[in-house]
Amino acid sequence: MSIITEMLEQVTLPKIVKIRQKFPAAELQDVAQTVREQLAKPEIAGRVKTGMRVAVAVGSRGMTDISLIARVVVAELKRLGAQPFIVPAMGSHGGATAEGQSAVLAGLGVTAESAGCPILSSMETVELGVIESSGLPVLIDKHAFEADGIVVINRIKGHNAFSGAVESGLSKMISIGLGKQKGADACHAFGFKHMAEQIIAMAEIKLAKANFLFGVGTVENAYDRITRLVAVLPEDIIATDKKLLPEAKANLPKILFEHIDVLVVDQLGKEFSGGGMDVHTIGRSSTDYARSAVASPERLVVLDVTDYSHGNCCGMGLADLVTRRLFNKIDFEVTYANVLTSTGTRSGRIPLIMDSDRLAIQGAAKTCGVPDSKRLRLVRIPNSLHLEEIYISESMLPEAKACADIDILTQPREWTFDAAGNLNDIGFAKKEG
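Our subject in this report is the structure included herewith. (Residues numbered from 1 in each chain as written. Predicted model: local features only at pLDDT ≥ 70, side-chain atom pairs only at ≥ 80, totals over all residues. Heavy atoms only, no water.)

## A word on the sheet that holds strand β7 (residues 212-220)
Link 1 in the chain: Strand order in this open sheet of 5 strands is β3-β2-β6-β7-β8, and the pairing throughout is mixed. Only two strands of the sheet have a single neighbouring strand rather than two, namely β3 (83-88) and β8 (226-232). On average, each strand axis in the sheet is inclined to that of its neighbour by 20°, with strand direction left out of account. (Pairing = 2+ DSSP bridges. Helix = DSSP H or I, 4+ residues; strand = E, 2+ residues; numbered from the N terminus. Axes fitted to C-alpha atoms, helices over the stretch in contact; angles between N-to-C directions.)

## Description of the side chain of Q101
Link 1 in the chain: With respect to the helices and strands, the residue Q101 is situated in helix α5 (residues 98-107).
Link 2 in the chain: Here Q101 falls in the buried class, since its relative accessible area comes to 0%.
Link 3 in the chain: The residues contacting Q101, other than those within four sequence positions of it, are P88, M90, G91, S92, H93, G94, S121, M123 and K180. (Buried < 20%, exposed > 50% of the residue type's maximum accessible area, 1.4 Å probe, protein only. Contact = heavy atoms within 4.5 Å.)

## Here's the deal with the pairing of strand β5 (residues 137-141)
Link 1 in the chain: Buried residues dominate β5, accounting for 4 of its 5 residues.
Link 2 in the chain: Pairing of strand β4 (residues 125-130) with β5 involves 5 bridges; the strand directions are antiparallel. The residue of β5 that forms the bridge with V126 is I140.
Link 3 in the chain: Between β4 and β5, which follow one another and run antiparallel, lie 6 residues, and G135 among them has a positive phi close to 80°.

## Some details on the nonpolar core
Link 1 in the chain: If you look at the biggest cluster of nonpolar residues, it comprises 45 residues, and the most contacted ones within it are L178 and F212.
Link 2 in the chain: With 9 residues, the single largest contributor to this core is helix α10 (residues 195-209).
Link 3 in the chain: Excluding residues within four positions of it along the chain, F212 makes contact with R47, I140, I150, I174, L178, K206, L207 and P234.
Link 4 in the chain: Of all hydrophobic cores here, the second largest spans 37 residues; its members include V31, L105, F214 and L233. (Core = buried A, V, L, I, M, F, W, Y, C linked by side-chain atoms within 4.5 Å.)

## Considerations on the packing of aromatic side chains
Link 1 in the chain: This model, assessed by the stated rule, comprises 6 aromatic pairs.
Link 2 in the chain: Pairing F162 with F192 gives two aromatic rings, centres 6.2 Å apart and planes at 20°, and the pair type is stacked. Here F162, found in the loop between β6 (149-155) and α8 (170-177), pairs with F192, found in the loop between α9 (180-187) and α10; they are 30 residues apart in sequence, far enough to count as distant. Across this residue pair, the class does not change: F162 and F192 are buried.
Link 3 in the chain: Between the aromatic rings of W415 and F417, the centroid separation amounts to 5.9 Å while the plane-to-plane angle is 0°, which identifies the pairing as stacked.
Link 4 in the chain: For W415, a relative accessible area of 10% gives the class buried.
Link 5 in the chain: Overall, F417 belongs to the partly exposed group, its relative accessible area being 23%.
Link 6 in the chain: Grouped by ring-pair contacts, the aromatic residues F327, F332 and Y336 constitute a single cluster. (Phe/Tyr/Trp six-rings, centres within 6.5 Å; stacked < 30°, edge-to-face > 60°.)

## Digging into the pattern of salt bridges
Side-chain pairing between opposite charges can occur once the charged atoms of the two side chains come close.
Link 1 in the chain: Scanning all chains against the criterion turns up 23 salt bridges.
Link 2 in the chain: The salt bridge involving D288 is made with R346; its shortest N-O contact spans 3.1 Å. You can see D288 sitting in the loop between α12 (279-282) and β10 (299-305) and its partner R346 sitting in the loop between α14 (332-342) and β12 (352-354), a full 58 residues away along the chain.
Link 3 in the chain: By relative accessible area, which is 27% here, R346 ends up partly exposed.
Link 4 in the chain: Each of K18, R20, E388 and E389 takes part in salt bridges that share partners, so that together they form one network. (Salt bridge = Lys/Arg side-chain N within 4 Å of Asp/Glu carboxyl O.)

## Description of α9
Because the α-helix completes a turn every 3.6 residues, residues three or four places apart line up on one side.
Link 1 in the chain: Listing the buried residues of α9 in full gives K180, G183, A184, A186 and C187. Projected onto a plane normal to the axis of α9, the buried residues spread over an arc of 160° and lie on a single side. (Arc of directions from axis to C-beta.)

## Re the environment of G215
Link 1 in the chain: Position of G215 among the secondary structure elements: in strand β7.
Link 2 in the chain: Residue class for G215 comes out buried when judged on its relative accessible area of 0%.
Link 3 in the chain: In this structure the C-alpha to C-alpha distance between G215 and H386, which are 171 residues apart in sequence, comes to 27 Å.
Link 4 in the chain: With sequence-adjacent residues up to four places away left out, G215 is seen in contact with V152, L170, V230, A231, V232 and I237.

## Examining the side chain of E271
Link 1 in the chain: Looking at the secondary structure, you find E271 in the loop between β9 (262-268) and α12.
Link 2 in the chain: One buried charged residue, E271, forms no salt bridge at all, with the nearest opposite charge on K270 at 9.4 Å.
Link 3 in the chain: With residues up to four places along the chain from it excluded, the contact list for E271 reads G62, T306, Y308, S309 and L385. (Lys, Arg positive; Asp, Glu negative; His and termini not counted.)

## Quick notes on the environment of D65
Link 1 in the chain: Among the structural elements, D65 can be located in the loop between β2 (53-58) and α4 (66-79).
Link 2 in the chain: Once you skip the residues sitting within four places of it in the chain, D65 turns out to touch V31, R225 and I226.

## A few points about the sheet that holds strand β15 (residues 406-408)
The strands making up a sheet associate through backbone hydrogen bonding, with each pair oriented either parallel or antiparallel.
Link 1 in the chain: Reading across the sheet, the 8 strands line up as β12-β11-β10-β9-β13-β14-β1-β15 and stay open at both edges, with mixed pairing between neighbours. The open sheet terminates on both sides in strands that have one partner only, identified here as β12 and β15. Adjacent strand axes in the sheet meet at a mean angle of 25° when their direction is disregarded.
Link 2 in the chain: As paired elements, strand β11 (residues 321-323) and β12 share 3 bridges and run parallel to each other. The residue of β12 that forms the bridge with T323 is M354.
Link 3 in the chain: Where helix α15 (residues 357-367) meets the sheet, its contacts fall on β9, β10, β11, β12 and β13 (378-381), and the angle it forms with β10 comes to roughly 170°.

## Thoughts on a nonpolar patch on the surface
Link 1 in the chain: Nonpolar side chains collect at one region of the surface, where F332, Y336, L340 and I350 lie side by side and expose about 370 Å² of accessible area between them.
Link 2 in the chain: Of note, I350 is situated in the loop between α14 and β12.
Link 3 in the chain: Owing to a relative accessible area of 39%, I350 belongs among the partly exposed residues under this scheme. (Patch = residues over 30% accessible without salt bridge, like charges linked within 9 Å, V, L, I, M, F, W, Y side chains within 5 Å. Areas by Shrake-Rupley, 256 points an atom, 1.4 Å probe, with all protein chains shown as cover.)

This is the structure:
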């Protein structure tokens, strides 16, 4: 037995209780029909001409129903007489390679077969000019620029590394996503302190010099379902991002407890957040420029990374402890390409590495400053996006019972680990009987 194991086996973990948190749940009942209705608006449909080659920009985010939305947008463009194709619009994601970006789209369910059109993936860009105030080049995907028109699809939401009038949304997709690695690198050149202004400046130039037809933007509720979907003209894209960002932030799920000693996150992943974990859930960011109302836990543990992330472990640096399982899945080329492009180096740091889930959680409990396990405020979540069903320590049960937005699902119970010290329900994949 190693000295580390010997030290941590003495740490008692508190009993845990499974609860259900309840959030506002308004959502669109028919996403496909809403897309058709939005694209049928005269000012939108009128921009599509027969025979036009139209590039449909699709990103890497875990946007709900992205495969469905892309398929319907492509079908509607065809109905209007256009010849659509998809371009990956994800900056440096996918290891900053054409093949990697196609693989990311496939992981989202977006393929040539599912979308009904070709996918043209390339890292080649065209320079449209420079931003006068900064001298930064403004770059755009070559396939998209050479098309007769461009359509951009994205979810509007808060960003993990900066706060501003626009954050993640259609403008960012235009500035960074369609800029590919070189364009993303340019937009990040002055760091996240100036990110919002650079996104707007780059988007304005691209919207003026490239033939954007329209944008399709969504807002999601706390259950990762679409609550709003709009198609907007290019001249309205930036204003739409600004208008819908507060709504998107208000819809975010959250942990309904203020102070947390230990937060256990089963999985980080690109489908949950561009930064692996959402600052608005975990209270930690890769920069000093993202505002969050959520307090940071005393200790943060991450147990695994999703297969969808393809080894991109951005966000691991925000944790205090991770497992060797997660560490062994890191693709450093993919992770560091993302980290270096974003400039948020904190995101890619290596935390303490523990040999099992149990040791990682015990390590957090030992170092959080609360030696009495009966008083320890511990929360376990499947990831930073899905916060409906979570676990809390027994000490938090009175608060949970007093909250109208929480249902108690189980009695307090001990943790259950396998012979290797690992949980058998990572991501809560296995439901309790």
